Structures are given as structure tokens and as C-alpha cells.
Amino acid sequence: MQPSTVRILTDLRNRFVAELTAGTVHERKPRGLYEPVEYILSMGGKRVRPLLALLAARICGDDEGLRAGMPVALAVETFHNFTLLHDDIMDDSPLRRGQPTVHERWDVNTAILSGDLMLIQAYGHLCRVPATERVAELLCRFNRVATGVCEGQQFDVDFELRDDVTIDDYLHMIELKTAVLLGGALELGALAAGGSAEDVDHLYAFGRLTGLAFQLHDDLLDTFGDGQQTGKLTGNDIIRNKKTFLYLKTLEGLGAEERRELLHWFSQSPEDPADKVARVTQLMQRSNVPQLVGDLRDKFQAEAYAHLDQVDGDASYKNILRDLTEDLLQRSN
């Protein structure tokens, strides 16, 4: 990215983090409820969703647009981390961003209750949007997004027990679980700043398609990334028999004998999964699946940019949004 773009994104991220941490200085009690919330929100990460909300608000407004978009940024980041906290429980994940997950550091009951609080806090942030006349619509649209995320998570859970999952099923699941929240961050940020109906819709479509590309890239990193860089257990999707696009595309392209072998690997959970991960990864590589996933990722992103081109507003901030997206799709962690 250009130095000027990095500077602007860093400034937006710092302003957001300052707002995010402002509510923790009074050490609210009981600490057993609030400390896990502060812990997961302080883990950092790229803060992609709040940046999207702020950029959309700035594109559709000016500096006042940024002020209007900040409560949205806080809402979507709090909600996103709420879903991560509960996902980690459901997946029994030991690490999040290289750190112990909340349920590992505390316990499952604490993680559930603290996650519930975060969902409530997300709604509280939305109610602080300066344009009070837009709050009702923001809440309705947020409900649609949040419902989609929950539906996507349930589909993801169901797929682990099904042997008839199709590629279309999987793409629909990741659209709900991941893509609608990226689209929602942009949609809600634009709406809070007074964006036109057309611009709000185009920004949502841009985010949804980018989210599909983002999740496909994330799937690649799960299997082929460096665990030290990603902060996650490499091959975790394979270990957990998840019906990802990589698995489904591999299954589609294999001959009968190797297809039976792959199905066999995904019917068991060995105590030491090293051989399973190695062999399944080899089958994926032999089927040219990493390239096929990359091609579909790029197709979705090209469609996303066509929507961004239709958005009126500050062209310089549209370019920053494009640069941020490109950076995310070339990431190694």
C-alpha cells in the first residue's frame, strides 16, 4: 500500500481502538464478566470490520460521517468478537490470534456469559449513532446481518455431520457466516453517515462479495498457511472434518480409489492427526485445488470491485478501501 494509505488506515485504526478501550478504564465489575470481554477485544487483529464501517461512512460523508460511523464500527467489532468467542467454544479451539481462547483461559460458562454481554453491548453502540432518526433502520439491518451469521454458523455445524454437502451449500454457508458481516459493516457505516440507498446497497454488495473472497483465502491459509504467522493450528479444518470448498473441490476431482481414501480420512478423528493432515493436503495439491480456490476468490473480488465503481462519494477513500481489500487478499496470516 502507498504510505499515505497506510497513514490514513493507521490513524483510523488508532482512533477506533481509543474509542474501544475508553469503556474499560473504570474497571467495571464483576471482573469475572468484564475481564474476558476486555481480553478478547484487546487481542488486536487487523480490525477489518470497523475499518470498513469507518471507510464507508467517510466515503458517504465527510469528517462528520466518520463521527457518525464510529458507533457502527464499535458495534460490528464487538459483535464479531462475540461470534468468535462462541465459535471457539463450539469448535473447542485452543488458540485465537496466538493467545489462549477465553474458554481455555477461564471456563466455558464464563465465555458464554461474557459473549452474551458483548452482543448486548453491540446493540448499545448502535443506539449511540448521532442521527437518531436512522437508529431504527440500523437496528433492523443489523438484526438481518446478525441472524444471517447465526444461520451460517448452524449450517457450518450441520455440515460436519452431513455427507451430501455441495459446493453451492458451502458457498451459501460462508456467505452467511462471514460475508454478510463484512457487507453489513459497510452498509451500516454508509447508512449512519447518510449515504444514498443506491450507495448503501452497492457497498453492501461489495462487502458481501469481498467476504466470499476473504473466506476462501482464509480456507487456503488454514490448510496451506504457516501456523506461526496465522496464529492458528495448521490443518485444523482437516482435523475437524470440515466440509470446506477445498475438501469438496478435491472430492469432486479425484478418481474412485482416492475419493474413497479421502472419504475414509474424513470419517475418523485420530488422536495424532499428523498423517491425516499430510495425506489430505497432498490430495488437495494433486487436484490443483489451491489454484482453483484462488481463481474463484479472484472472480468474486472482480465482481466486488464492479459494485465499488458504482458508488458515489469521496474517490480517494474509495481507493483506500480498494487498497485495504487487496492487502487482505494477499495476506499470509
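Parameters at a glance
- Residues numbered from 1 in each chain as written.
- Predicted model: local features only at pLDDT ≥ 70, side-chain atom pairs only at ≥ 80, totals over all residues.
- Heavy atoms only, no water.
- Helix = DSSP H or I, 4+ residues; strand = E, 2+ residues; numbered from the N terminus.
- Buried < 20%, exposed > 50% of the residue type's maximum accessible area, 1.4 Å probe, protein only.
- Areas by Shrake-Rupley, 256 points an atom, 1.4 Å probe, with all protein chains shown as cover.
- Lys, Arg positive; Asp, Glu negative; His and termini not counted.
- Charge placed at Lys NZ, Arg CZ, Asp CG, Glu CD.
- Salt bridge = Lys/Arg side-chain N within 4 Å of Asp/Glu carboxyl O.
- Axes fitted to C-alpha atoms, helices over the stretch in contact; angles between N-to-C directions.
- Left-handed = near helix turned anticlockwise from the far one by under 90°.
- Contact = heavy atoms within 4.5 Å.
- Nonpolar A, V, L, I, M, F, W, Y, C, P; charged D, E, K, R; others polar.
- Expected span 1.5 Å × (residues − 1).
- Phe/Tyr/Trp six-rings, centres within 6.5 Å; stacked < 30°, edge-to-face > 60°.
- Lys NZ or Arg CZ within 6 Å of the ring centre and 35° of its normal.

Caption draft 1: Molecular detail of the overall build of the chain. A tally of helices and strands in the chain yields 16 helices and two strands. Principal-axis analysis of the C-alpha atoms places the extent of the chain at approximately 60 × 50 × 35 Å. Per-residue burial over the chain gives 53% buried out of 333 residues. With the model as given, the accessible surface of the chain reaches about 15000 Å², and the carbon-plus-sulfur share is 50%. Across the chain, the mean location of the 36 positive side-chain charges is 2 Å away from that of the 52 negative side-chain charges.

Caption draft 2: How the structure looks around the pattern of salt bridges. Inspection of the entire model under this criterion finds 25 salt bridges. A salt bridge links Arg 31 to Glu 38; the nearest nitrogen and oxygen atoms lie 2.8 Å apart. Taking relative accessible area as the criterion, Arg 31 reaches 22% and is therefore assigned partly exposed. Taken together, the shared-partner salt bridges in this structure form one network comprising Asp 91, Asp 156, Glu 160, Lys 177, Arg 240 and Lys 242.

Caption draft 3: Region of interest: the packing of helix α3 (residues 48-60) against helix α8 (residues 167-192). For the pair α3 and α8, interaxial distance at closest approach is 7 Å and the crossing angle is 35 degrees. Our pair here, α3 against α8, has a crossing hand that is right-handed. For the pair α3 and α8, contact is made by Val 48, Arg 49, Leu 52, Ala 53, Ala 56, Ala 57 and Cys 60 and by Leu 181, Leu 182, Ala 185, Leu 186, Gly 189 and Ala 190, respectively. Within the contact of α3 with α8, the residues separate by chemical class into eleven nonpolar, one polar and one charged.

Caption draft 4: Seen up close, the side chain of Thr 78. Within the secondary structure layout, Thr 78 lies in helix α4 (residues 63-91). What Thr 78 contacts, discounting residues up to four positions off in sequence, is Leu 20, Leu 41, Met 118, Gln 121, Ala 122 and His 125.

Caption draft 5: Layout of helix α9 (residues 197-224). Given a rise of 1.5 Å per residue, 28 residues ought to cover 40 Å, and the 40 Å separating the end C-alpha atoms of α9 matches this to within 8%. Counting buried positions along α9 yields 21 of 28 residues, so the element is predominantly enclosed.

Caption draft 6: Spotlight on the packing of aromatic side chains. This model, assessed by the stated rule, comprises seven aromatic pairs. Measuring from ring centre to ring centre gives 5.6 Å for Phe 79 and Phe 82, while their planes differ by 50 degrees; the resulting arrangement is tilted. With a gap of three residues between them, Phe 79 and Phe 82 both fall in helix α4, about one helical turn apart. Each member of the pair, Phe 79 as well as Phe 82, is classed as buried. With 6.0 Å between their ring centres and 35 degrees between their planes, Phe 206 and Tyr 305 make a pair best called tilted. Taken together, the residues span a long stretch of sequence, with Phe 206 in helix α9 and Tyr 305 in helix α15 (residues 289-308) at a distance of 99 residues. Across the pair, exposure class does not vary: Phe 206 and Tyr 305 are buried alike. One cation-aromatic arrangement involves Lys 276 over Phe 266; the distance from NZ or CZ to the ring centre is 5.4 Å.

Just geometry here; none of it tells us what the structure is for.
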